[in-house]
Amino acid sequence: MFSKETYIARRTQLKKTIGSGLLLFLGNEECGVNYADNTYPFRQDSTFLYYFGLSYAGLSAVIDIDNNKEIIFGDELTIDSIVWMGQQPTLSEKCERVGITHMLPSNATEIYLKDAIQKGQKIHYLPPYRPEHQLKLFAWTGEHPAVQQASLPFIMAVINQRNYKSDEEVAEIEKACIVTADMHLTAMRTVRPGILESEVAAAVAEVALAANYQLSFPIIATINGQTLHNHHHGNKIKSGDLFLLDAGAETEMGYAGDMTSTIPADATYTTRQKEIYDIVIASHEASIKELRPGVTFESVYDTSAKVIVEGLKSLGFMRGDAAEAVKAGAHALFYPHGLGHMMGLDVHDMENLGEIYVGHNGQPKSTQFGRKSLRLGRMLEPGFVHTIEPGIYFIPELIDLWRSERKFEEFINYEKVVTYKDFGGIRNEADYLITPTGSRLLGKQLPRTTEEIEALR
């Protein structure tokens, strides 16, 4: 937890930005896996953490700008709870740590909000992403889930604070990135023919847990890297396979790391693995060189895509002008996702508030396949933290579809492409801070080139 002055300053800035009304913050509840007492690991709402810092279930909060009140709603632990959970600070002690002096029991939330509505106060709330949020809003405000409308001024005010990471936030993210790098180093030393994907995933998760961290998202650990979000871990790793690991750690305060490595099952990459891998690394390095304030992230994406096209041309997979191929969207057969995303208290920072606002500053996104998956496209500014993660994938179903449609034949050599339908996928990902003059890698540098990874193997 940061100092109480940090949380007070954040709330003060938010109040100045919004100006009037009542801001409602919905904390999270415990959630049962298959019955009430067998719960998923508790994770507090990130915006609640940002402004109030309290990672406890069953809390909600109000900033009543009109009446100059900041209130935490919650209940003290009963003796039954203490028997099972152990002693904790009182609600008053918890709130004092973050500069809140006004507390009310949780059942007073509805009374307070309905009184505010009756007085004509504007109730601002953020997009509800859990069913219990929608139900609470229905009970407290009378708004049915079908017509609940989050406050755009509230959304934009939160984004315009959380997008710019303070020095203390950067330090916390860097802690997550250091442990994340250790997770990937462990995988590089663990992957070998004859073991299950799950054995690598377990070794990676152990590194995070041993640091008293959680996973920032479910681990992707797969020999089928062509499936972008593959959470199946049941395959046996065979000689000749490529193993893609996308994994990150989350600190005790909720800040995330996110990295991806692609590792050969054997001690060295095959010739064709190395050829494709080297293109991905060239794309990554070219992207890093573009990172600085005043540059749009979409232009960095275009650079990454053109490097991939040029590399694939050299191997006979593509042809024609690289810039024209990228403009048309032909590269997306091999590179169907964006280049990166904002990162902070969420691994995809504030995605629940709306990708178009967080990553595109409210501007419309492209509808073109591949480019429409850009989670970040806006002008880069100092304080932004984001990933860089280019990749090349050979997705059999996509190849077959585009080939049957004769799509982009002027740019794609399908005769060569179909011979790689068994290849899989490669992605390389690291985390960067935009500085006043450029960018800085967060955490420690992982082995990145084929030679560096082979040396570790």
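The rules we used
Residues numbered from 1 in each chain as written. Predicted model: local features only at pLDDT ≥ 70, side-chain atom pairs only at ≥ 80, totals over all residues. Heavy atoms only, no water. Axes fitted to C-alpha atoms, helices over the stretch in contact; angles between N-to-C directions. Helix = DSSP H or I, 4+ residues; strand = E, 2+ residues; numbered from the N terminus. Parallel < 35°, antiparallel > 145°, perpendicular 65-115°, else oblique. Left-handed = near helix turned anticlockwise from the far one by under 90°. Contact = heavy atoms within 4.5 Å. Nonpolar A, V, L, I, M, F, W, Y, C, P; charged D, E, K, R; others polar. Pairing = 2+ DSSP bridges. UniProt positions renumbered as here; feature names shortened; annotations may be inferred.

> Could you give an account of the packing of helix H1 (residues 4–18) against helix H7 (residues 152–162), naming the residues involved and the relevant values?
In the contact formed by H1 and H7, the axes pass within 10 Å of each other and the chain directions differ by 140 degrees. The angle between H1 and H7 falls in the class oblique. You can see that H1 and H7 cross each other, and the crossing is right-handed. Facing Arg-10, Gln-13, Leu-14, Thr-17 and Ile-18 of H1, the residues of H7 in contact are Pro-153, Phe-154, Ala-157, Val-158 and Gln-161. Across the contact of H1 with H7, the residue classes tally to six nonpolar, three polar and one charged.

> An account of unusual backbone geometry is needed here, citing residue identities and associated values.
The residue Asn-68 is not glycine, and still its phi comes out positive at about 55 degrees. Looking at the secondary structure, you find Asn-68 in the loop between strand E4 (60–64) and strand E5 (69–73). Of note, Asn-361 is a non-glycine position whose phi angle comes to about 55 degrees, a positive value. Within the secondary structure layout, Asn-361 lies in the loop between helix H13 (355–358) and strand E13 (385–388).

> Go over the sheet that holds strand E16 (residues 430–434) with me, naming the residues and quoting the values.
Read across the sheet, three strands follow the order E13-E16-E17 without closing on themselves; strand pairing throughout is antiparallel. The sheet terminates laterally at E13 and strand E17 (439–441), the two strands that pair on one side only. This sheet shows a mean twist of 35 degrees between the axes of neighbouring strands, independent of strand direction. Sheet strands in contact with helix H10 (residues 271–290) are E13, E16 and E17, and its direction is about 10 degrees off that of E16.

> Which residues make up the sheet that holds E4, and what values do they have?
In space, the five strands of this open sheet follow the order E6-E5-E4-E1-E7, with mixed pairing throughout. One side of each edge strand has no neighbouring strand; the edge strands of this open sheet are strand E6 (102–104) and strand E7 (123–124). Pairing geometry for E5 and E6, over three bridges, is parallel. Among the inter-strand pairings, Phe-73 is bridged to a residue of E6, identified as Leu-104. Sheet strands in contact with helix H6 (residues 131–141) are strand E1 (22–26) and E4, and its direction is about 140 degrees off that of E1.

> I'd love a proper account of the UniProt feature "domain: Aminopeptidase P N-terminal" (unreviewed entry) in the chain, names of residues and values included.
Per the UniProt record, "domain: Aminopeptidase P N-terminal" (unreviewed entry) is annotated on residues 2–134. End C-alpha atoms of residues 2–134 are separated by 30 Å, and the span's content is 38% helix alongside 20% strand.

> Describe the packing of helix H8 (residues 167–190) against helix H9 (residues 197–210), listing the residues and the values that go with them.
Pairs of packed helices are described in terms of their axes, by the angle between the two and the distance that separates them. Remark: H8 packs on H9, axes separated minimally by 9 Å, with the N-to-C direction vectors making an angle of 150 degrees. Viewed along their axes, H8 and H9 adopt a mutual orientation that is roughly antiparallel. The handedness of the crossing between H8 and H9 is right-handed. Residue-level contacts link Val-179, Asp-182, Met-183, Thr-186, Ala-187 and Thr-190 of H8 to Val-200, Ala-203, Val-204, Val-207 and Ala-208 of H9. Residues that form the contact of H8 with H9 fall into these classes: eight nonpolar, two polar and one charged.

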